[in-house]
Amino acid sequence: MADAKVIPFGEEPRAKRKGQRVGRPRTNRTPSSLAPVPQQRDEDPAVAAEPERAREQGGDGWDRKLAHGLSFLRRRITGEYEVDDFGYDQELADQVVMSALRPFYEKYFRVEVKGLENIPDKGAALVVANHSGTLPVDGLMLQVAMHDHHPAGRHIRMLAADLVFALPVVNEISRKLGHTLACVEDAEKLLERGEVVGVMPEGFKGIGKPFSERYKLQRFGRGGFVSTALRAGAPIVPCSIVGAEEIFPMVGNAKTVARLLGIPYFPLTPTWPWLGPLGLVPLPTKWTIQFGEPIPTDGYAPEAADDPMLMFNLTDQVRETIQHTLYKQLVQRRSVFF
């Protein structure tokens with residue numbers, strides 16, 4: 001297991017470090033006179049082609065995957081992994097959760113992402129996106145888009161509602177994925193660290209709106225995300241998501257049931273709750289995620305974060321940009337499913 005390639009956060013495996021302490025010889029100390037002669041190894045073309053054939057047959061690849069998997073399990077069992085003070089477990093998110101979400105992103109929703117160059121390669125940024133779909137699948141697909149396709153391989157830390165962290169299993173998964181509470185304090189801490197933070201200001205009003213109001217943005221709260229970006233001097237990147245509205249067409253809301261369960265709404269769709277668990281299967285719509293040009297905030301004075309008129313204007317600017325881009329994408333798309 002000491003040869004596994006995946007090691008937590010750049011540390012050497014313990015077995016390797018222990019081996020060096022007791023004086024196990026290292027490869028780079030081998031005298032040149034004892035090193036194998038390359039010409040002798042490559043003289044026979046048939047022998048030279050064997051490693052390549054083995055790689056083509058997948059033998060070496062499966063060996064590496066097995067070693068990686070066993071090493072990962074060992075670290076999870078022994079606790080040799082790290083989480084930050086928000087509960088973010090990058091190793092678990094990258095190797096397990098993203099691998100589980102990727103087939104939905106690539107094959108099921110066939111997500112097309114545009115404008116990722118508008119997310120800076122380093123430093124803080126606040127991504128503001130529309131919210132829809134009855135269940136918050138759009139936030140997960142946004143994470144996969146950033147993780148898999150950003151040139152600098154950046155991660156996005158999503159801000160989530162209180163209800164997410166009140167649910168037993170969902171709470172743990174969200175924390176491991178890097179989600180945190182949608183509050184000013186947490187957002188400011190992440191931006192100060194130079195993270196990319198994602199927020200969906202519509203909240204439950206956006207995700208729980210009826211199908212008849214699809215792609216019509218709801219109110220963007222009180223502009224708290226703008227003041228947070230102003231204090232951190234982080235650019236605001238508008239993000240428009242098309243395709244999520246149709247995965248669970250919400251044709252009704254059982255408000256009495258929602259009150260009894262203590263949730264904002266209880267959706268009624270053409271399949272839920274009539275088909276039971278099958279009603280939770282989303283429709284395979286075609287998605288487009290587009291990141292717009294960033295709106296800079298570092299040119300404002302520190303006291304600008306307390307200016308209500310400035311917050312209102314910037315909030316309206318972000319909202320109008322997202323709405324205009326949504327309409328533009330809807331005109332361009334061929335159909336809901338293709």
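(A) Representation of the packing of aromatic side chains within the structure. Tallied over the full model, the rule gives 5 aromatic pairs. Note on Phe220 and Phe225: the rings are 6.2 Å apart at their centroids and 75° apart in plane angle, and the pair reads as edge-to-face. Judged on exposure class, the residue Phe220 and its partner Phe225 are both buried. Counting every residue linked through ring pairs, the aromatic cluster contains Phe104, Tyr108, Phe109 and Trp287. The ring of Phe165 is capped by Arg175, whose NZ or CZ atom sits 4.3 Å from the centre of that ring.

(B) Representation of the sheet that holds strand β3 (residues 156-160). Strand order in the open sheet made by the 7 strands is β1-β9-β6-β2-β5-β3-β4, with mixed pairing throughout. Looking at strand neighbours, the two that pair on one side only are β1 (112-114) and β4 (180-181), the edges of this open sheet. Running at roughly 165° to β3, helix α6 (residues 137-149) makes contact with β1, β2 (125-129), β3, β5 (196-199), β6 (236-242) and β9 (288-291) of the sheet.

(C) Expanded view of a nonpolar patch on the surface. The grouping of Leu66, Leu70, Leu73 and Ile77 at the surface amounts to a nonpolar patch, some 420 Å² of accessible area in total. With respect to the helices and strands, the residue Ile77 is situated in helix α4 (residues 59-78).

(D) How the structure looks around the pattern of salt bridges. Here the structure, examined in full by the defined rule, presents 14 salt bridges. As a salt-bridge pair, Glu91 and Arg76 come within 3.2 Å of each other at their nearest N and O atoms. Separated by 15 residues along the polypeptide, Glu91 in helix α5 (residues 90-108) and Arg76 in helix α4 bring together distant segments of the chain. By the burial criterion, Glu91 is buried, and Arg76 matches it. In this structure, Lys209 and Glu245 form a salt bridge, with 2.9 Å as the shortest nitrogen-oxygen distance. Placement of Lys209 in the loop between α9 (204-207) and α10 (224-232) and of Glu245 in the loop between β6 and β7 (252-253) is noted, with a sequence separation of 36 residues between them.

About the cut-offs
- Residues numbered from 1 in each chain as written.
- Predicted model: local features only at pLDDT ≥ 70, side-chain atom pairs only at ≥ 80, totals over all residues.
- Heavy atoms only, no water.
- Phe/Tyr/Trp six-rings, centres within 6.5 Å; stacked < 30°, edge-to-face > 60°.
- Buried < 20%, exposed > 50% of the residue type's maximum accessible area, 1.4 Å probe, protein only.
- Lys NZ or Arg CZ within 6 Å of the ring centre and 35° of its normal.
- Pairing = 2+ DSSP bridges.
- Helix = DSSP H or I, 4+ residues; strand = E, 2+ residues; numbered from the N terminus.
- Contact = heavy atoms within 4.5 Å.
- Axes fitted to C-alpha atoms, helices over the stretch in contact; angles between N-to-C directions.
- Patch = residues over 30% accessible without salt bridge, like charges linked within 9 Å, V, L, I, M, F, W, Y side chains within 5 Å.
- Areas by Shrake-Rupley, 256 points an atom, 1.4 Å probe, with all protein chains shown as cover.
- Salt bridge = Lys/Arg side-chain N within 4 Å of Asp/Glu carboxyl O.

All we've got here are geometric facts, nothing functional implied.
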